[in-house]
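# Architecture at a glance
Take a look at the letters that make up each chain.
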Amino acid sequence: MSVPRIETLESLPLVDHHCHGLVRRELNRMDFERAMTEADHPGPRGASFFDSQLGFALRRYCAPVLDLPAHALPDDYLARRAELGADEVASRMLRSAGIADFCVDTGFAPERLTSAADLATAAGGRGHDVVRLEPLAEQVALDIVTGQIGVAHFPDHVRARLAARAAADGGSAGARPATGDSAPVVGVKSVAAYRVGLELPAERPTDRVVIAAVRSWIGRLRAGAPIRLADPVLHSFLIWAGADLGLPVQIHTGYGDTDLHLRRANPLLLTDMLRALASTGAPVLLLHCYPFHREAGYLAQVFPHVYLDVGLATHNVGRASATVLAEALELAPFGKLLFSTDAFALAELYPLGARLFRRALTALLAAGIADGDWTADDADRVAVMVGAGNARRVYGLAEPAGGAEPEPTEARAAKPRARATGAGTKRRAAARSSTAKPSAERPAGTRRSAEKPARAETPAAKAPAEEPEAAEPAKAKPAATKRPAGTAARRNTAKRAPAKKAGPAKKEPAAKPAAARRPPKPPPDAS
């Protein structure tokens, strides 16, 4: 029996609700293979990551995008990639993916990556930012160590900065396209799974409990520890801070790199917290989930505010992606699954994730039509729901101009942006109203810390001997207080590079040649 086609899914402009930026430089073979998987090495001698599910899928589906035959040999593929150049490859790959909206986690950048606006421009779509919670908290901790604010101000400053970021777009996420390095904020993300695991305190931590945890953390920082948040109480506090603004909360679960203990990343460990968060009404999105995608499907079924994706798994399992997606949907309602690529560094991961997702969902829906389990109209409706509609509803994104009927990417890019309405817009309006108090954002030009930032100065170097703790949080120093020279954290350029102590401000060195830079392996917490 012939397998029915799901034509709606073949042409549907997708919404990628979780992805990352791309490297901006040329890659040699070692660099490329390091970026292909979650491993922290390019493969043992005599072996190659091209000989994997992902590698074979990449050669099959991405080679024709570069004008090569399907299954082109790796050396031929990489030679053609180098001939075209990074910008041309990125443009071709992004446009071939058929993605209309990109929700980009820009919270980690081991080197300069493309922004949400860059991705949107290259793809002819729209870009949106997802705020990673841990770097925001680490920036506030650095302000405490350098004497800008006291420990007691930590909860209020985190909440104020998060609210300011959420309100910064000045309107609906669907109304304004990303420009420059700026994009409307549509959600937040936690990487607690990488830091402490997912067995987090379920109930909302009080400010007193949060301040006690911060005091202990600051003590470790002043003793020379890296500024890397890893405290269950504080991870819980950050998730609650995002949920209290009504923002969709993404939480990494399941598969990741070697920084993660997989058994501690089972989404079932979040059960009590998910139950408690229901009162906020904020959507919670379980990212990736594999190999716990069936468990995540259960959580999405029993909790009205819980959703899931299998993004990172889709391109990594390659040919098996249809099985993984079908297993996730054994219990999860079709209205609870979202599409994502979790693409990072390599432009190929966008069309690869999109192609494998379309193929997997088509196989599931077509089999149901063939067996009489649902109609072709049902299958079309589910395809639109999973590929784009669920994400638009959760994040409050506008429909493409012209309604739900799919349009070519070029036609969508030429039309004016429609304003989004509904829950997402109301959430952002609430976030803006919560910023009535003076903003705690840093002055323009202040450098932000990276995901694994530099060590903080010890008290003898920069911080005062006694922390400037005020009696009332409202007495915090104004946000515009200038940071002492030398306190800006430096970005790491390699996954395993040790943190260094911050020193006096130095002139930035000239950029190294591409060949001298470390490979763009997805760093810890990158997913």
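Scroll up to find the structure.
The text that follows walks through the structure, step by step, so that each part is easy to find. Throughout this description, residue numbers start from 1 for each chain and increase along the sequence as written. Selection of residues for local features in this predicted model requires a pLDDT of at least 70, selection of side-chain atom pairs for listing and counting requires 80 or more, and totals for whole chains, interfaces and linings are taken over all residues. Processing note: side-chain calculations cover all non-hydrogen atoms of the structure and skip hydrogens and water entirely.

This part covers the overall build of the chain. A run of H or I in DSSP counts as a helix once it spans at least four residues, and a run of E counts as a strand once it spans at least two, with each numbered from the N terminus. In terms of helices and strands, the chain carries 19 helices and seven strands. Contact between two residues is taken to exist if any of their heavy atoms lie within 4.5 Å; hydrogens are not considered. Within the chain, counting contacts between residues at least 6 apart in sequence, those at least 24 apart form 80% of the total. To be clear on the numbers: accessible area is Shrake-Rupley with a 1.4 Å probe, and residue cover counts the displayed protein chains and nothing else. When the accessible surface of the chain is totalled, it reaches about 20900 Å², and 54% of it is carbon and sulfur.

What follows covers a nonpolar patch on the surface. A contiguous nonpolar surface patch, about 320 Å² in accessible area, is contributed by Leu268, Tyr298, Val302 and Leu331. By the secondary structure assignment, Leu268 is in the loop between strand 5 (249-253) and helix 12 (271-277). The exposure class assigned to Leu268 is partly exposed, which follows from its relative accessible area of 34%. Residues qualify for a patch when their relative accessible area is over 30% and they have no salt bridge, like charges being joined within 9 Å and the nonpolar side chains of Val, Leu, Ile, Met, Phe, Trp and Tyr within 5 Å. For salt bridges, the criterion is a side-chain nitrogen of Lys or Arg within 4 Å of an Asp or Glu carboxyl oxygen. Buried, partly exposed and exposed residues are distinguished by accessible area as a fraction of the type maximum, computed with a 1.4 Å probe on protein chains only: under 20%, between the cut-offs, and over 50%, respectively.

Here we come to the pattern of salt bridges. Counted according to the given criterion, the structure contains 24 salt bridges. Ionic pairing is found between Asp75 and Arg29, a salt bridge with its closest N-O pair at 2.7 Å. Of this pair, Asp75 sits in helix 4 (residues 74-84) while Arg29 is found in helix 2 (residues 29-34), placing the two residues 46 residues apart along the sequence. Here Arg228 makes a salt bridge to Asp259, at a shortest N to O gap of 3.1 Å. Here Arg228 is found in the loop between helix 10 (207-222) and helix 11 (232-244), whereas its partner Asp259 is found in the loop between strand 5 and helix 12, with 31 residues between them in sequence. When salt bridges that share partners are traced, they join Asp67, Arg80, Glu83, Glu88 and Arg92 into one network.

Moving on: the pairing of strand 1 (residues 14-19). Judged by how many residues are buried, strand 1 sits mostly within the fold: six of six residues are covered. Following DSSP output, two strands are said to pair if at least two bridges run between them. Of the pairings in the sheet, the one linking strand 1 to strand 2 (residues 99-105) comprises four bridges and is parallel in character. Of the residues in strand 2, the one forming a bridge with Leu14 is Ile99.

A few words now on the packing of helix 8 (residues 154-167) against helix 11. Here helix 8 crosses helix 11 at 40 degrees, and the two axes come no closer than 10 Å. Regarding the angle of helix 8 to helix 11, the classification is oblique. By crossing handedness, the relation of helix 8 to helix 11 is classed as right-handed. Residue-level inspection shows Phe154, Pro155, Val158, Arg159 and Leu162 of helix 8 in contact with helix 11, the latter providing Leu234, Phe237, Leu238, Ala241 and Gly242. As a working rule, the residues Ala, Val, Leu, Ile, Met, Phe, Trp, Tyr, Cys and Pro are called nonpolar, Asp, Glu, Lys and Arg charged, and the rest polar, with Gly in that last group. Considered class by class, the residues forming the contact of helix 8 with helix 11 number eight nonpolar, one polar and one charged. To obtain each axis, a line is fitted to C-alpha atoms, and for helices this fit is confined to the stretch in contact; angles are then taken between N-to-C directions over 0 to 180 degrees. Roughly parallel means an angle under 35 degrees; roughly antiparallel, over 145; roughly perpendicular, 65 to 115; everything else is oblique. What makes a crossing left-handed is the near helix being turned counterclockwise from the far one by less than a right angle; a clockwise turn instead makes it right-handed.

Turning our attention to the nonpolar core. Definition of nonpolar core: a set of buried residues of the types Ala, Val, Leu, Ile, Met, Phe, Trp, Tyr and Cys, connected through side-chain atoms within 4.5 Å. By size, the foremost hydrophobic cluster in this structure holds 132 residues, and its most contacted members are Tyr77, Phe154 and Tyr350. Top contributing element to this core by residue count: helix 16 (residues 349-370), with ten residues. In this structure, Tyr77 is in contact with Phe32, Leu58, Cys62, Ala63, Leu66, Leu68, Met93 and Glu348, ignoring residues within four places of it in sequence. One finds Leu285, Tyr307, Leu338 and Val394 within the second-largest nonpolar core, a separate group that totals twelve residues.

This next bit is on a positive patch on the surface. Together, Arg60, Arg319, Arg355 and Arg359 make up a region of like positive charge exposed at the surface. One can find Arg319 in the loop between helix 14 (311-317) and helix 15 (321-328). Charge counting treats Lys and Arg as positive and Asp and Glu as negative, with His and both chain ends excluded. Charge placement uses NZ in Lys and CZ in Arg. For Asp and Glu, CG and CD serve respectively.

So, on to the packing of aromatic side chains. Two rings from Phe, Tyr or Trp (for Trp, the six-membered ring) form a pair when their centres sit within 6.5 Å of each other. Planes less than 30 degrees apart are called stacked, planes more than 60 degrees apart edge-to-face, and all others tilted. Applying the stated criterion to the full structure yields seven aromatic pairs. Taking 6.4 Å as the distance between ring centres and 85 degrees as the angle between the ring planes, the aromatic pair formed by Phe154 and Trp217 counts as edge-to-face. Taken together, the residues Phe154 in helix 8 and Trp217 in helix 10 connect sequence positions 63 residues apart. Residue classification places Trp217 among the buried residues on the basis of a relative accessible area of 2%.

Burial runs high along strand 5: five of the five residues are buried. Residues Val249, Ile251 and Thr253 line one face of strand 5 and the alternating positions Gln250 and His252 line the opposite face, and both faces are buried. For strand 5 and strand 6 (residues 284-288), the ladder comprises five bridges, and the chain directions are parallel. Following the sheet pairing, Thr253 is matched in strand 6 by His288. In this fold, strand 5 hands off to helix 12, which returns the chain to strand 6; that crossover is right-handed. A crossover counts as right-handed when, viewed with the strands pointing away from the observer, the path leading from the first strand over the helix to the second turns clockwise.

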